[in-house]
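Given next are the chains, with one letter for each unit.
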Amino acid sequence: MGALIGCAVGDALGAPIEGWSREEIAMLEGLTDHYRPLPRRKAGSQAHYPLGQYTDDTQLTVAIARSLVARGAVDGAEIAREFAALWRSGEIVGAGPVADRAVKRLIEGVRWQDAAVADDLPLNGAAMRIAPVAMWDCDRPDRLADDVATASVVTHRHPVAIDAAMAVATAVAHAATSSAIETPVFLDAVVASVQSNGFAGHIQGLGDWLQSAEQTALEAIADTGQRPGDRGFGIPALAEPTVLASLYAFLRSPNDYVATVDCALRIGGDVDTIAAIAGAMSGAHNGVGAIPGHLVNGVKDGAEIMDLGRRLYASRVA
């Protein structure tokens, strides 16, 4: 329950300021105090979603959780059906281009194993939604890699995108099963889960970045995924810097959900995804009780997401 609602709350807090620079976000006060309006990004429309509206980060996370409850296993075909239903209904909010292309192929009749292409962009769409798989396999590390790959390739087949999903899944599973977070042990587990040596090196480097000044650390993380001239914007929607930023935000304050999400939101750039991932890690480790009640109650479909968490747990235990 903590992992799912932690994801949703972080996403909903970040959605209205997605794409803002660190400097713009620094001008806001009370980032985690309340939800802000999320405009509907359509030409000529001034309407807003309800307060507490989340985006595709949570929608696809919830879709995977539903598929797990329905099938009792990580089933690529069932995940694909859940995703396609969101697109067909028009409910999807802020879909990334890689996922959008793949799901449209699914709707056209392409098999779920073939809808994504390996040379598409290494975006963060697989990593942002992987928390339910992590919770499902948190005590079965031998199954985690295969299940993460299955859940990822429905829309994302780029090796770095899958590596990013594996890193997040390992982090969430470790957070859920550890009574205390020891940064070196945590990072060693995440490093061991990824295939890319460069990505692994950057994850290991978080140990040093956590000891640096925040501005220095964030610039170093951002530089892993953007041109030096873009410095100051924040984190782009690329898989590697998104995961690094999420891990950084969580490890800064592993026992404090609000501090973790506040840090994630202030990083700039794709902050709804960073806060969703970091929020899932913190929620998995600290539980629902660590998340302010007014944010839990105020997020869209909060009661349903909590109930889904209960059912996911019951299904896994069964």
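A quick note: this is a predicted structure, and the numbers were derived from the prediction, not measured.

Definitions and cut-offs
Residues numbered from 1 in each chain as written. Predicted model: local features only at pLDDT ≥ 70, side-chain atom pairs only at ≥ 80, totals over all residues. Heavy atoms only, no water. Helix = DSSP H or I, 4+ residues; strand = E, 2+ residues; numbered from the N terminus. Rg over C-alpha atoms; globule rule 2.2 N^0.38 Å. Buried < 20%, exposed > 50% of the residue type's maximum accessible area, 1.4 Å probe, protein only. Areas by Shrake-Rupley, 256 points an atom, 1.4 Å probe, with all protein chains shown as cover. Lys, Arg positive; Asp, Glu negative; His and termini not counted. Charge placed at Lys NZ, Arg CZ, Asp CG, Glu CD. Polar contact = N/O pair within 3.5 Å; in protein donor to acceptor, adjacent residues only side chain to side chain. Contact = heavy atoms within 4.5 Å. Axes fitted to C-alpha atoms, helices over the stretch in contact; angles between N-to-C directions. Parallel < 35°, antiparallel > 145°, perpendicular 65-115°, else oblique. Left-handed = near helix turned anticlockwise from the far one by under 90°. Nonpolar A, V, L, I, M, F, W, Y, C, P; charged D, E, K, R; others polar. Core = buried A, V, L, I, M, F, W, Y, C linked by side-chain atoms within 4.5 Å. Salt bridge = Lys/Arg side-chain N within 4 Å of Asp/Glu carboxyl O.

Caption draft 1: Seen up close, the overall build of the protein. Each helix and strand counted, the protein has 16 helices and zero strands in total. For the protein, the C-alpha radius of gyration of 18 Å lies close to 20 Å, the compact-globule estimate for 318 residues. Along the longest, intermediate and shortest principal axes, the C-alpha atoms of the protein span 50 × 50 × 40 Å. Residues counted as buried form 56% of the 318 residues belonging to the protein. A total of about 12600 Å² of accessible surface is found on the protein, and carbon and sulfur atoms cover 51% of it. Charge-centre separation for the protein: the mean point of 25 positive side chains lies 7 Å from the mean point of 38 negative side chains.

Caption draft 2: Spotlight on the side chain of S193. Note on placement: S193 falls in helix α9 (residues 183-193). Polar contacts involving the side chain of S193 include one to the main-chain carbonyl oxygen of V190, which spans 2.6 Å. For S193, the contacting residues outside a window of four places in its chain are M166, A167 and T170.

Caption draft 3: Here's a closer look at the packing of helix α13 (residues 257-266) against helix α14 (residues 271-286). Where α13 contacts α14, the axes come no closer than 8 Å and their chain directions differ by 165°. Relative to α14, the element α13 is oriented roughly antiparallel. In this structure, α13 meets α14 at a crossing whose hand is right-handed. In contact with Y257, T260, V261, A264 and L265 of α13, α14 contributes V271, I274, A275, A278, G279, S282, G283 and N286.

Caption draft 4: Molecular detail of the packing of helix α4 (residues 76-89) against helix α5 (residues 97-108). α5 packs onto α4 with a crossing angle of 100° between their chain directions and a minimal axis gap of 9 Å. If you check the angle between α4 and α5, you find them roughly perpendicular. Packed against α4, whose contacting residues are A80, F83, A84, W87 and R88, the element α5 presents A99, D100, V103, L106 and I107 at the interface. Classifying every residue of the contact of α4 with α5 by side-chain character gives eight nonpolar, no polar and two charged.

Caption draft 5: Layout of the nonpolar core. Among the nonpolar cores identified, the biggest contains 99 residues, and V9, F186, I203 and L247 are the most heavily contacted of them. If sequence neighbours within four positions are ignored, F186 has contacts with A171, H174, I181, L247, F250 and L251.

Caption draft 6: Structural view of the pattern of salt bridges. This structure, assessed with the given rule, holds 11 salt bridges. Two residues, K104 and D100, come together in a salt bridge whose shortest N-O distance is 3.0 Å. Taken together, the residues span about one helical turn, with K104 and D100 both in helix α5 at a distance of four residues. Relative accessible area serves as the criterion here: at 44%, K104 is assigned to the partly exposed category. Here R252 and E214 are joined by a salt bridge, their closest N and O atoms 2.8 Å apart. With R252 in helix α12 (residues 239-252) and E214 in helix α11 (residues 214-223), the pair connects residues that are 38 residues apart, well separated along the chain. On the basis of relative accessible area, R252 is assigned to the partly exposed category, the value being 40%. Because the salt bridges share partners, they merge into one network encompassing R71, E78 and R81.

Caption draft 7: Summary view of unusual backbone geometry. Even without a glycine there, the phi angle at D301 is positive, about 60°. Within the fold, D301 resides in the loop between α15 (293-298) and α16 (302-317).

Caption draft 8: Examining the side chain of T61 more closely. Looking at the secondary structure, you find T61 in helix α3 (residues 56-71). Within the structure, the side chain of T61 is placed 3.3 Å from the backbone oxygen of M128, a separation counted as a polar contact. Residues in contact with T61, not counting those within four places in the same chain, are L4, C7, M128, R129 and P132.

Caption draft 9: View of α13. The complete set of buried residues in α13 reads Y257, T260, V261, C263, A264 and L265. On its buried side, α13 packs onto α1 (2-14), α2 (22-26), α12 and α14. With a side-chain oxygen positioned 3.2 Å from the backbone nitrogen of V258, the residue opening α13 is D256.

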